[in-house]
Amino acid sequence: MAVINCPGCKKKISDKAKQCSHCNMILADLDAEKMASLNRINRINQGQKLMNYSFVAMLLFCGGFLFMFWDNVEQGTWQHTTAMACSALGFIMYIVIRIRLLFFKRQK
Ligand SMILES: [Zn+2]
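(A) Geometry of the nonpolar core. Within the largest apolar cluster, five residues are counted, these being Ala57, Leu60, Phe61, Tyr94 and Ile97. The set of elements that each furnish at least two residues to this core consists of helix H1 (32-70) and helix H2 (78-106). Tallying contributions element by element places H1 first for this core, with three residues. Those residues within four positions of isoleucine 97 in sequence are excluded, and the remaining contacts are Leu50, Tyr53, Ser54 and Ala57.

(B) Representation of unusual backbone geometry in the model. Within the chain, lysine 10 stands out as a residue other than glycine whose phi angle is a positive 70°. Looking at the secondary structure, you find lysine 10 in the loop between strand S1 (3-5) and strand S2 (12-14). The exposed category is assigned to lysine 10, around which 12 C-beta atoms lie within 10 Å. Even without being a glycine, asparagine 24 presents a positive backbone phi close to 65°. Along the chain, the position of asparagine 24 falls in the loop between S2 and H1.

(C) View of H1. With 39 residues, H1 extends 56 Å from end C-alpha to end C-alpha; this agrees with the ideal 57 Å at 1.5 Å per step. Where H1 is concerned, the buried positions are Ala57, Leu60, Phe61 and Gly64. Along its buried surface, H1 packs onto H2. Just downstream of H1, asparagine 72 is the residue with a positive phi angle, here 50°.

(D) Quick look at H2. With 29 residues, H2 should cover 42 Å at 1.5 Å per step; its first-to-last C-alpha distance of 42 Å lies within 8% of that length. All buried positions along H2 are accounted for by Ala83, Gly90, Tyr94 and Ile97. On its buried face, H2 is in contact with H1.

About the thresholds
Residues numbered from 1 in each chain as written. Predicted model: local features only at pLDDT ≥ 70, side-chain atom pairs only at ≥ 80, totals over all residues. Core = buried A, V, L, I, M, F, W, Y, C linked by C-beta atoms within 7 Å. Buried ≥ 20, exposed ≤ 12 C-beta atoms within 10 Å, placed from the backbone. Helix = DSSP H or I, 4+ residues; strand = E, 2+ residues; numbered from the N terminus. Contact = placed C-beta atoms within 7 Å. Expected span 1.5 Å × (residues − 1).

In structure tokens:
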């Protein structure tokens, strides 16, 4: 008995299972064509999710950055620290997501 990833929810299930115990997808029904279209949909969703994350990271970065400089926040105050933390976090998140997107686009 081997363990495979469910094509619907990507959770680990037995390859002998006729139905996924997580999302109740009927695996016996799946032919190559259905699998291909499911994979395509999953890929689009995954790409979309990454794009959304990168947008949030960008907002976080820009928000923290603008707050720091436009509002003339004094150094050492909690506002300054929060703004710094936001832009640093946003920046790191953005870089990580862009790298993930790069690898994601490379794989076929
Ligand atoms: Zn499933």
